[in-house]
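The lines below spell out each chain.
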Number of protein chains: 2
Amino acid sequence: MVKHLVTEVKYVYTFHEGDWRDKKLLGGKGSSLAQMTQMGLPVPPGFTITTEACREFYTPKKSEIDSVVKELERNPPPAVRDELIKRAWSIIDSLELPGGLMKQVIEHMKWLEEASGKKFGDVEGIPLLVSVRSGAAVSMPGMMDTVLNLGLNDEVVKALARASGNEWFAYDAYRRFLQMFGRIVLGISEKLFDEAFTRADGEFKRITVEKYSSELSAIREAYPKYSLRLDAQPPRDVAPRLWEESLNYIKKLVEEYKEIIRENWGEFPQDPMKQLELAIKAVFRSWMNPRAIFYRIANKITPEIADCTAVNVVTMVYGNMGWDSGTGVYFTRDVANGENVPYGEFLPNAQGEDVVAGIRTPLSLDELKTSMPHLYEQLIDAGKNLEKINKDVMDIEFTIERGRLYFLQNRAAKMTPLARVKTAVDMAKERIISREEAVLKVSPEAVLKLLYPMIDPRAKAAPIAKGLAASPGAVSGQVVFDPDTAVEWAKKGRRVILVRVETKPDDVHGFYAAAGVLTARGGLTSHAAVVARGIGKPAVVGAESIKIDYESKSFTVGDAVVKEGVWITIDGNTGSVYLGEIPTVAPEVKGELEELLTWADGFRKLGVRANADVPEDAAIARKFGAEGIGLLRIERMFRKPERLELLRKVILSESREERERYLRELSKMIKSDFKEMLKIMDRLPVVIRLIDPPLHEFLPAPEEVIKELYEARASLAEVRGRGVSAEVVKLEERVKYLEWLYKRVLTLKEHNPMLGHRGVRVGVTHPEIYYYLARAMIEAAAELKLEGNQPVLEIMVPQVAHVNEILFVKRKAILPALEDVEREYRVKLDVKVGTMIETVRACLTAREIAREVDFFSFGTNDLTQATFSFSRDDAENKFLPQYLEFEVLKENPFETIDTYGVGKLVEIATREGKESNPSLEVGICGEHGGDPKSIEFFNRAGLDYVSASPFRVVIARLAAAQAALREKFKVEKGD
Amino acid sequence: MVKHLVTEVKYVYTFHEGDWRDKKLLGGKGSSLAQMTQMGLPVPPGFTITTEACREFYTPKKSEIDSVVKELERNPPPAVRDELIKRAWSIIDSLELPGGLMKQVIEHMKWLEEASGKKFGDVEGIPLLVSVRSGAAVSMPGMMDTVLNLGLNDEVVKALARASGNEWFAYDAYRRFLQMFGRIVLGISEKLFDEAFTRADGEFKRITVEKYSSELSAIREAYPKYSLRLDAQPPRDVAPRLWEESLNYIKKLVEEYKEIIRENWGEFPQDPMKQLELAIKAVFRSWMNPRAIFYRIANKITPEIADCTAVNVVTMVYGNMGWDSGTGVYFTRDVANGENVPYGEFLPNAQGEDVVAGIRTPLSLDELKTSMPHLYEQLIDAGKNLEKINKDVMDIEFTIERGRLYFLQNRAAKMTPLARVKTAVDMAKERIISREEAVLKVSPEAVLKLLYPMIDPRAKAAPIAKGLAASPGAVSGQVVFDPDTAVEWAKKGRRVILVRVETKPDDVHGFYAAAGVLTARGGLTSHAAVVARGIGKPAVVGAESIKIDYESKSFTVGDAVVKEGVWITIDGNTGSVYLGEIPTVAPEVKGELEELLTWADGFRKLGVRANADVPEDAAIARKFGAEGIGLLRIERMFRKPERLELLRKVILSESREERERYLRELSKMIKSDFKEMLKIMDRLPVVIRLIDPPLHEFLPAPEEVIKELYEARASLAEVRGRGVSAEVVKLEERVKYLEWLYKRVLTLKEHNPMLGHRGVRVGVTHPEIYYYLARAMIEAAAELKLEGNQPVLEIMVPQVAHVNEILFVKRKAILPALEDVEREYRVKLDVKVGTMIETVRACLTAREIAREVDFFSFGTNDLTQATFSFSRDDAENKFLPQYLEFEVLKENPFETIDTYGVGKLVEIATREGKESNPSLEVGICGEHGGDPKSIEFFNRAGLDYVSASPFRVVIARLAAAQAALREKFKVEKGD
């Protein structure tokens, strides 16, 4: 151990010294290395430079940097962002390492030499090489930088060649080190190194094919999958001359790389300690690289959670030092299916590059069990221990160097959604974690993926292309290449997949028509990905291997040509694209998932209902655990042609008497649907909403009518010319009718139907409509009750903005309907009357409205529209994709509730409504009811229940439990 | 004076006793009678029963009644209201007069007998008769009840006949008393009395014509305007037999009336004291009649202002006791033009009925001056004194009984708007009132009427019909009888007046097309009246003398027949209808009005700007005293055909390059308009709003395009048939263009344009549009500055919902435009950038937005739409008229701001915006900026200015001053 004067801040801790629980000081990686070291596991010796040292590094310019970060946190548009980043870097470039730090580092390097028995910069014996790794308190994968093989220089590389007995390996390590160091530490553009490599690689391949063709054949005989690459060591035993040639190329590259460094920075620092100093500084700086800053903002990693990165300096060990060496990765459970069996890969005497080159195939862990049983046992034991301590499935990297096992890293394993659920439940049963912890471990998004259609695992189909999994769900359809065709074919009842190079706002109508979307270009935030997720269509984006030719209406992938109309299947869960119609399977809740959800139900405060309009949906919802129906939209009941026709007559009626006649008929028709729904949900509440959309939505558009009119007139003129009198009379009538219809449709047309004559406004101007609809529901309930059931009917009035509206329709329509039915059926009914809270004014006057109703149910879709003044239809078609692309908005407010704006209204209305009517029941039936982030908000806002689409009921149950648990733990922690 | 035991509550005060300043105790009338009595003016002796007695009357059921009133205050729909009123009456019916009250009344009646020298119920000498009048602390004209001639019975009437020497007068007084007492005190339906009277009147007229034809002729010779009526005394000297016959009929009616009372209530109470007791109770009850309750609710008369009514018992005096008697009314100044000269009417030896019968014509006050100069002087002196004490122009009722002048009542006079302004200013100059009081005296609505076009007073035209003045302004136009014709003719540029029996929601498109509206039926809250006021069209409603025949498209009035297309003029200020085009005069601010407004400017805190889009409006606004332009809408600048065409090209552009080319051209065109506006308002701020409406508003509707397309295709087919090739080519091109246009128009079509791709959203998706528009304004400012002017440009971004939107367009469009212009013109400009606050989310996130802008300007029109989820266009066409009719809403929220809902948002945004940016300037540019009630709210909410349409600038100046003064006085009073 190293001694310090007490007055000096201790910046450096060996893995034996540090308190591994103090992740904030040591960072995640440092803590994990300390943990393993202190558990007695063999870890390559090393030390951690604390996050405190990093903070100290930034201290001189802290306020300037903070103010830039603060501005970045406000999520400015890209132009502003770029300026801010430039400003940040000019500040950071001027910083120096804290005084005294390098003194402590040098002391610890001395200790490391003792501990490893090697010397840093040794040009004779076995040289000590180190890796320099970043590591903040929380994992920020790929966000910050790491340098390997530090300590190499022109002389040390020779020592390494001697010590390892493999000159190729030594020079390749040196080449890689130069490139990494150049890029990360010295800030030289990677392009320069890549260009040099590509040039050398090309030349090497060219000469090889001619000059070493016989050796090449020999390799191919031994290793059929062999691929010739300059950055993979050829098998020396089979092809010694080729090996030699390859080594020469590597050596030449080393010189070229040094030249690049010279030109762009200065002479490459041969002094290992200088290398180390520069690398530490680079890791510190990487805390503030833009990727890292945005990762922290996006993941809400505040300074309280993680402030600055630590730096870990670790002795390099090698798995390619002979057949008693090797390298591998070990997962403590099967990360694919969650089974409690060790899982992983092992590669003896090799480096990763060998796999790439095709001269090695990774072996299963069982191989290690056979070849080195004691090491295997040591590994598995350590894994089980780590699982218990860290309360999670572990992903452990290890290396065996000359018969000695080294643990390089351990972290929580990434798993498939299936495995995530199973392992969480299993670990709770094994008492490794509590049930609460198990519930918190599974993200609702993961469960969501389990619920979307998946490719049938028995199908064993091979994908023809791979892209990014942009929007979940697997779906088959016929290929079309433009949105207009998509719309046209969809109208004819065909299922289509829209295939585009990339998409733009003008294509969006095609998204709605298509069953799924496939693009050749673009990432997870591309227009296609954002829109597809927005409207819930499966999508695969950036499948770069498909080449689209719009002219010939086809795409090629490899040798295959796929023409318009051909069936393909895309899997938005995995990014795979298949030829033909691959069978998919529908989701089911069973086994561990069901168990987990039952636990969740015990923890949550929010009730979970479903939005369901038809009996099929109600049945699914009940199966998925819905505790009632939070929203039944009558509108869906009018899709049947004979009902639509009747409804049209109601709307087009020119007198109240006429309207009432049609209403009576309509009322009888829909009563049976209500009965069925109430029966499926017997004893559970069913909220039925009185008609909401603008009535003319059920009528044809004026331009459609005028088209028909012109066509009818043309036919009439033509038929008249031919003198067919029976036809003439018929057509004359039709023309007359269409003329009348056009006039009516124009009269009923509205400028902004969303804000027009709809919802309760129809109830006020035409109470008879609300009366007959209410009557149909109440009659359904009365009949069920008389038949011995227990229907729970809740009637909901939509679009209320003023308490008088609800008073008016209650007295003029709903209560009369209730009284009439009770009298006629001689039955007493307990019907609740409530209102949808979906106008801003309803939120602002919740106190008054609450006095007159039994329940509130937030219609957050319309409320979001009104709060933003965005029409959802228009926004998602015209400007929202660009808003998300330019990051003017960070999330689609129709997916995740805008807590800052809309949420404020929800909070006001909930609080004031409950204050004024303590028995008021408050729910939410907008689409946000199925969104986990939004559910967390609704839990906090004090709602009683959420109502989600049937599939999302499962997600809502889990998300509601997590929200309640997080709130509970927060309170317990005293936050 | 009457003595009481000290322990007894004093409920009754003679006019000498009461403190006239204590209006709350004595009521307005009681206080006025006490005031005049104590000033030494001759007032018929009498006493007041206090409001405290009335309160005591209600005390036993106070909480029950209060709860009903509370519910009524919440303005329930009519059905609920009717129930509540029924409930209230069943409670009130059971109440009794407070104990001890009648004892005090009887004592005071004794005192009254002494004071008047007459006896109550005297059947020998001159009987004492009294009037029993209600009177609350504030005037509630016509809301409560009054009984005259109380004390008459079968015997007393004979004494009265003897004492007056006029039996007809005595029995007519008795008949009238029976009817009044029956209706008001005994609650018998007035219809019964009316039917009896109509029957008797008919019979009397029938027999008269035959039997007394010669006497009738004699009367007609003496009094050419004589009209035969049973309820007017025939001139006895000219027609003694007719007089006798008439008296017999009156006596028969007296018996019939008593029979009606007997059948519906019981024997008519002959005891005068019993009559008095019942009458007092009836007046107390009238405080709670529905008319009175609603009057108080509507006028916000809370218990703090007036609680219960007093009852005044006053000795009756008569003006028909000979030629030394008479009756009259005296206004202390001319209520028509405001001149400081006495004004009024005098009728010697007569009752009001004589005027009705045509045997008397009221004389001017000068007549009194000539005939009884000392009484005239007494009257005028008293008037001047009352004016000084009561600080207002007085309306004084007086009666002269046998050479003695009696003051019956004094109250503030009702005046024309013109007189209101002049007298207020004059009285301030005469030091009767302060300037603050003068400003508070004139209602902004009155000034508004002064500003609408009026019939030219020199025109001397005679109206052909009279209706109700439903919506101000005088206007001429051609008569049309249906809304479709109105639209059609208006499109052709004709000015039309829509004439209907009554209107319904389906007619509203005709209102927009017409210059004015005239109906034969309906009151001031009828559909026609509400809609016309809502959209600011002059209207006369309920002109019942016009008979409309839709079939023949004409109306008759008297002998005149007015056919469709004939010119008429309606005057919504007075309700008059004229034949032909009567000249009207435009308003001007001058003389006393100007003086008053200058005073107002000194008192107000709010600035007043104008909304003006074109130079003409800007000039008017500056003339009316606007302190800048609060809203210049660019859209109006695109009405010129060549500009509209260019704008269409911008919108239809399919690439950014194309769009920029057209924008550059457009920018040049509008720059000169900006220059002109900025120059008119030199040194004053001009807020120019970047383009706001949905772009497709500038394009034709799809159904229009498709119509044109079908017609072009038909023409093409026809021309092709005829083989005219040049035409064919032209038409083919046209068809092609229309097909393209239809596709583009459909692509751009939006479901809800109000909430669609508009305002800042266009600026985000197409920053080039905002860039070029901003550039045009900034160039205008730059050029003006270089020419030596001082333009003050404020650029406003509309529809902002998220702070990032404003950040984005500032960085991408506005600031680049500013930098480019400053560089190119070599001039430094001080341009403010602000945002319109018209989305709900902008209000809720004002704190964030305020940091990025220089000013806020509330767009309360859109904000109201978003808060209610009402589209104004659709609401006013489809359901708002019914909402107002059914009183679901009490006021049109687009006229007067909904302080409870929308106002809450305005308050939040103003407070939080100013907290986060103390230099933020906050204004309002919605139409509410010109509405006095709304201005009162904006003053309270702490805004810096309002911006109103040019005409309303004057109103805003006055309303702002009143708001500030009321606030100041409130603070001074410590409320």
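Nothing here was measured: the structure is a model prediction, and the numbers come from that model.

Engineer: Any chance you could explain the interface of chain A and chain B here in plain terms?
Structural biologist: Frequently, the measure chosen for interface size is the accessible area removed from exposure when the parts meet. Of the residues lining the interface, 72 residues belong to chain A; the matching set on chain B comes to 72 residues. Our count for the chain A to chain B interface comes out at six salt bridges. Among the ionic pairs, Glu83 of chain A bridges to Arg811 of chain B, the shortest N-O distance being 3.7 Å. On inspection of chain A and its partner chain B, the count reaches 36 residue pairs in polar contact (both at pLDDT 80 or more).

Engineer: Even after reading the chapter, I still don't get the relation of the copies chain A and chain B, so can you show me in this structure?
Structural biologist: One copy of the chain maps onto the other through a rotation about an axis followed by a shift along the same axis. The transform that puts chain A on chain B rotates by 179 degrees and translates by 0.0 Å along the axis, for an RMSD of 0.2 Å. Taken together, the turn and the small shift mark the pair as related by a two-fold rotation axis. A share of 99% of the interface residues of chain A reappears at the interface of chain B, consistent with the copies meeting face to face through the same patch.

Engineer: Help me out: how do you make sense of the nonpolar core in this one?
Structural biologist: Across soluble globular proteins, you tend to see nonpolar side chains buried next to one another. If you look at the biggest cluster of nonpolar residues, it comprises 310 residues, and the most contacted ones within it are Phe674 and Phe858 of chain A together with Phe674 and Phe858 of chain B. Contacts of Phe858 of chain B, omitting those with residues within four sequence positions, involve Ile837, Cys843, Leu863, Val906, Ala909, Thr910, Val922, Gly923, Ile924, Cys925, Gly926 and Leu943 of chain B.

Engineer: In this structure, what is going on with the environment of Thr37 of chain B? I would like to understand it.
Structural biologist: All names here are of chain B. By the element assignment, Thr37 lies in helix H1 (residues 23-38). Taking C-alpha positions, Thr37 is 42 Å from Phe937, a pair spaced 900 residues apart along the chain. Ignoring any residue separated from it by four or fewer positions in sequence, one finds Thr37 in contact with Phe15, His16 and Val43.

Engineer: Looking at this model, I keep getting lost on the pairing of strand E31 (residues 855-858) of chain A. Mind explaining?
Structural biologist: Looking along a regular strand, one sees side chains alternate from face to face of the sheet. Residue and element names in this part refer to chain A. A two-sided burial pattern is seen for E31, the buried positions comprising Phe855 and Ser857 on one face and Phe856 and Phe858 on the other. Direction of pairing for strand E30 (residues 832-837) relative to E31: parallel, over a ladder of four bridges. Bridging across to E31, Ile837 finds its partner in Phe858. As paired strands, E31 and strand E32 (residues 921-924) are joined by four bridges and run parallel to one another. Bridge pairing in E32 links Phe856 to Val922.

Engineer: I would appreciate a short explanation of the pairing of strand E21 (residues 554-557) of chain B in the present structure.
Structural biologist: All names here are of chain B. With three bridges connecting them, strand E20 (residues 547-549) and E21 associate as antiparallel partners. Residue pairing in the sheet places Lys547 in a bridge with Thr556 of E21. By the bridge criterion, four bridges tie E21 to strand E22 (residues 560-563) in an arrangement that is antiparallel. The residue of E22 that forms the bridge with Ser554 is Lys563. Count of turn residues in the E21/E22 antiparallel hairpin: two residues, of which Gly558 carries a positive phi of about 60 degrees.

Engineer: Explain the environment of Val797 of chain A here, please?
Structural biologist: Residues and elements named next belong to chain A. Note on placement: Val797 falls in strand E29 (residues 792-797). By relative accessible area, Val797 is classed as buried at 0%. Taking C-alpha positions, Val797 is 18 Å from Ser919, a pair spaced 122 residues apart along the chain. Those residues in contact with Val797, other than ones at most four positions away along the chain, are Leu690, Val760, Tyr770, Ile806, Val809, Ile814, Gly834, Thr835 and Met836.

Rules and cut-offs
In every chain, residue numbers begin from 1 and rise along the written sequence. Just so you know, chain letters begin at A and ligand numbers begin at 1, following the order they were written in. Per-residue local features are limited, in this predicted model, to residues with pLDDT of at least 70; the limit for side-chain atom pairs, both in listing and counting, is 80 or more; totals at the level of whole chains, interfaces and linings are taken over all residues. Each side-chain value is derived from all of the structure's non-hydrogen atoms; neither hydrogens nor water enter the calculation. In what follows, a contact means two residues having at least one pair of non-hydrogen atoms within 4.5 Å. What makes a salt bridge here is a side-chain nitrogen of Lys or Arg within 4 Å of a carboxyl oxygen of Asp or Glu, nothing more. Polar contact is defined as a pair of N or O atoms within 3.5 Å, subject to the rule that within protein one atom must be able to donate a hydrogen and the other to accept it, and that residues adjacent in sequence are counted only when both atoms are side-chain atoms. Copies overlap after least-squares fitting; the atoms used are the C-alpha atoms of residues with pLDDT of at least 70 in both. Throughout, nonpolar core names a set of buried Ala, Val, Leu, Ile, Met, Phe, Trp, Tyr and Cys residues whose side chains join them through atoms within 4.5 Å. The classification of residues rests on relative accessible area computed with a 1.4 Å probe and restricted to protein chains. Under 20% of the type maximum is buried, over 50% is exposed, and intermediate values are partly exposed. Secondary structure is summarised from DSSP: a helix means a run of H or I of at least four residues, a strand means a run of E of at least two, and numbering begins at the N terminus for each. Two strands form a pair only when DSSP identifies at least two bridges running between them.

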